[in-house]
Amino acid sequence: MAATTDTRIIANGRVWTGSPGAVAAGDGIAVQPLAIAAQRGRIAAVGAMSELQRKFPDAVVFDAGGRLVTPGLIDCHTHIVHAGNRAGEFARRLAGESYQSIARSGGGILSTVRATRAASLQQLVDSALPRVDALLADGVTTLEIKSGYGLDLETEQRMLQAARTIAQQRALTVTTTYLGAHTIPPEYAQDAEGYVVRLCTELIPVIAASGLADAFDAYCESVAFTPEQVGRIFEAARAHRLPVKLHADQLSNLHGAALAARHGALSADHLEYTDAAGVDALAAAGTVAVLLPGAYYFLRETQRPPVAALRRAGVPMAVATDCNPGTSPLSSILAAMNLAAVEFGLGVGECLAGVTRHAARALGVQDATGSLEPGKWCDLAIWNVEQPAELVHNLGARPLHRRFWHGQPGE
Ligand SMILES: [Zn+2]
């Protein structure tokens, strides 16, 4: 959706800008009485209302009514476009079966692959929109969407087109990720090497040339691709100018974090089994650690990501829903923040930075959004809460008052 060209001032807010200085040590969160001026969708100035009214006398004023204002939230890891339903597998897991066992028996990702291959573009869009709308109602203004349930060229392209279509039908920014190395496609069950070669020589070049993907992602795990295979696949992706991301160290330590860092990845995601060397590698490379507490919760995992070590090393931590039909059927970024706090021990400021500034960096869009600073898009959320901690504390609340995307008020 296109933003209009008027000038607007969001006045009378208690603002957490999300800029690096806005999270003090010890989790103090600096909230200031500020106004925000937007022109042509971008933030023109942040300051005192009297000053902004002098600068922009013709601006339309929106009164935030003394409410908390934050950057629009960013869900930087989702599989929100998919078909099918895996609630039956949930019942099997409740009965004691493991995720790996279900995957080996044709369930897991492969059951979603079958359903997604059979779905039209329209069906993919229509089934995703209610989940997208749930995120918008949580104040999300930027959403990452992965492919990876087609694993053939046509379906992967259709999934990415569905993601682009969602961006046209809703007031939000969508970044797309080609998850070509999600799992071995059924056609290549006995020939993983054949798929890796095809991915590198045919699929990645075609998808990169199509412009449908903003990044490339892989799943490094015993049920997916080996570190050696991921290394070759990443080289192909980077040769075609696709920034890379990695599902790393979720169920075992295959040193995926270090692998991602070696390839200059935007992010390494999951990280439950990442060791000290992996943490150091992320810190040195500036790779964002994306924590996905929804998958940890739904899979009843017990191994937590090394949050204290990541914090000590200064690795930026993002938090995302991992919204997917099997291991994290979660379409609330606020609930993901709560899970990150309760299950992983993040503080309030870390949760907020994790769904704003750090999430933007995980997508490579930190110059465009993720904090309320001049030059960035005026993407923000206005909340019916007294203090920022309520956004993390109140599970299941619906605290959003109003969402602005590119300077325009939404629902
Ligand atoms: Zn994922």
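Please read all numbers here as calculations on a predicted model, not as lab measurements.

Considerations on the sheet that holds strand E10 (residues 244-248)
Step number 1: Strand order in the open sheet formed by eight strands is E6-E7-E8-E9-E10-E11-E12-E13, with parallel pairing between adjacent strands. Where the open sheet ends on each side, the last strands, each with one partner, are strand E6 (73-75) and strand E13 (317-319). Strand-to-strand, the axes of this sheet are offset by a mean angle of 25 degrees, without reference to chain direction.
Step number 2: The sheet contact formed by strand E12 (residues 288-291) and E13 spans three bridges and is parallel. Note that in E13 the partner of Val 290 across the bridge is Ala 318.
Step number 3: Against the sheet, helix H8 (residues 227-239) touches strand E8 (173-181), strand E9 (215-219) and E10, its axis set at about 160 degrees to E10.

Regarding the coordination of the zinc ion
Step number 1: Protein coordination at the zinc ion: the donors are His 77 (NE2), His 79 (NE2), His 247 (NE2) and Asp 322 (OD), at 2.0 to 2.6 Å from the metal.
Step number 2: Each of the four donor atoms around the zinc ion contributes to a set of angles spanning 81 to 166 degrees, which defines the coordination as irregular.
Step number 3: Mapped onto the polypeptide sequence, the residues donating to the zinc ion form the spacing pattern H-x1-H-x167-H-x74-D. Residue His 77 is found in the loop between E6 and helix H2 (87-94), and its partner Asp 322 is found in the loop between E13 and helix H13 (333-344); the two are separated by 245 residues along the sequence.
Step number 4: Exposure remark for His 77: the relative accessible area of 0% places this residue in the buried category.

What to know about the environment of His 79
Step number 1: Tracing the backbone through its elements, the reader meets His 79 in the loop between E6 and H2.
Step number 2: C-alpha separation for the pair His 79 and Pro 329, spaced 250 residues apart in sequence, amounts to 9.6 Å.
Step number 3: When neighbours within four sequence positions are excluded, His 79 is seen to be in contact with Lys 146, Ser 147, Tyr 149, Leu 179, His 182, His 247, Asp 322, Cys 323, Asn 324 and Pro 325.
Step number 4: Polar contacts involving the side chain of His 79 include one to the side chain of His 247, which spans 3.4 Å.

Some words on the pairing of strand E2 (residues 32-39)
Step number 1: Bridge count between strand E1 (residues 7-15) and E2: seven bridges; the pairing is antiparallel. Bridge pairing in E2 places Thr 7 opposite Gln 39.
Step number 2: When E2 meets strand E3 (residues 42-47), the two strands line up antiparallel, connected through five bridges. Counterpart to Ala 35 in the pairing with E3 is Gly 47.
Step number 3: Connecting E2 to the antiparallel partner E3 that follows it, the hairpin turn spans two residues, and Arg 40 within it adopts a positive phi of roughly 50 degrees.

Some points on the layout of surface pockets
Step number 1: If you add up the space inside the largest pocket, you get close to 280 Å³.
Step number 2: Lining the largest pocket are 15 residues, with Ala 103, Leu 110, Thr 183, Ile 184 and Val 223 positioned closest to its centre.
Step number 3: For the lining of the largest pocket, the element with the most residues is helix H3 (residues 99-104), which contributes three residues.
Step number 4: Its residues assigned to classes, the lining of the largest pocket shows 11 nonpolar, three polar and one charged.

Details of empty space enclosed by the protein
Gaps between atoms show up when a probe of the same size as a water molecule is rolled over them.
Step number 1: For the structure shown, the criterion picks out two cavities of 30 Å³ or more.
Step number 2: Computed from the structure, the largest cavity encloses a volume of approximately 130 Å³.
Step number 3: As for the largest cavity, its lining consists of 14 residues, of which Tyr 99, Ile 109, His 182, Asn 324 and Thr 327 are closest to the centre.
Step number 4: Here the residues of the lining of the largest cavity are counted per class, giving four nonpolar, eight polar and two charged.
Step number 5: Roughly 30 Å³ of internal volume is contained in the second largest cavity.
Step number 6: Around the second largest cavity sit Leu 334, Glu 390, Leu 391, Asn 394, Ala 397 and Pro 399, which together line it.

Some points on the pattern of salt bridges
One side chain can pair with another of opposite charge once the charged atoms of both are near each other.
Step number 1: Evaluation of the coordinates by the stated rule reveals 16 salt bridges.
Step number 2: Residue Arg 86 pairs with Glu 89 through a salt bridge whose shortest N-O separation is 3.1 Å.
Step number 3: According to the relative accessible area criterion, Glu 89 is buried, its value standing at 9%.
Step number 4: When the shortest N-O distance is used, the salt bridge between Asp 138 and Arg 398 registers 4.0 Å. Separated by 260 residues along the polypeptide, Asp 138 in the loop between helix H5 (121-136) and strand E7 (140-146) and Arg 398 in the loop between helix H16 (389-393) and strand E15 (400-405) bring together distant segments of the chain.
Step number 5: Asp 138 gets classed as buried once you look at its relative accessible area, which sits at 0%.

Thresholds, definitions, all that
- Residues numbered from 1 in each chain as written.
- Predicted model: local features only at pLDDT ≥ 70, side-chain atom pairs only at ≥ 80, totals over all residues.
- Heavy atoms only, no water.
- Pairing = 2+ DSSP bridges.
- Helix = DSSP H or I, 4+ residues; strand = E, 2+ residues; numbered from the N terminus.
- Axes fitted to C-alpha atoms, helices over the stretch in contact; angles between N-to-C directions.
- Contact = heavy atoms within 4.5 Å.
- Donors = N, O, S within 2.8 Å, 3.2 Å for Na, K, Ca; no water.
- Tetrahedral: all angles 85-135°; square planar, octahedral: opposite > 155°, others 65-115°.
- Buried < 20%, exposed > 50% of the residue type's maximum accessible area, 1.4 Å probe, protein only.
- Polar contact = N/O pair within 3.5 Å; in protein donor to acceptor, adjacent residues only side chain to side chain.
- 1 Å grid on protein atoms, 1.4 Å probe; cavity = no way out; pocket = protein on both sides within 12 Å on 5 of 7 lines; lining within 4 Å.
- Points joined across faces, edges and corners; volume = space filled by probe spheres on them.
- Nonpolar A, V, L, I, M, F, W, Y, C, P; charged D, E, K, R; others polar.
- Salt bridge = Lys/Arg side-chain N within 4 Å of Asp/Glu carboxyl O.

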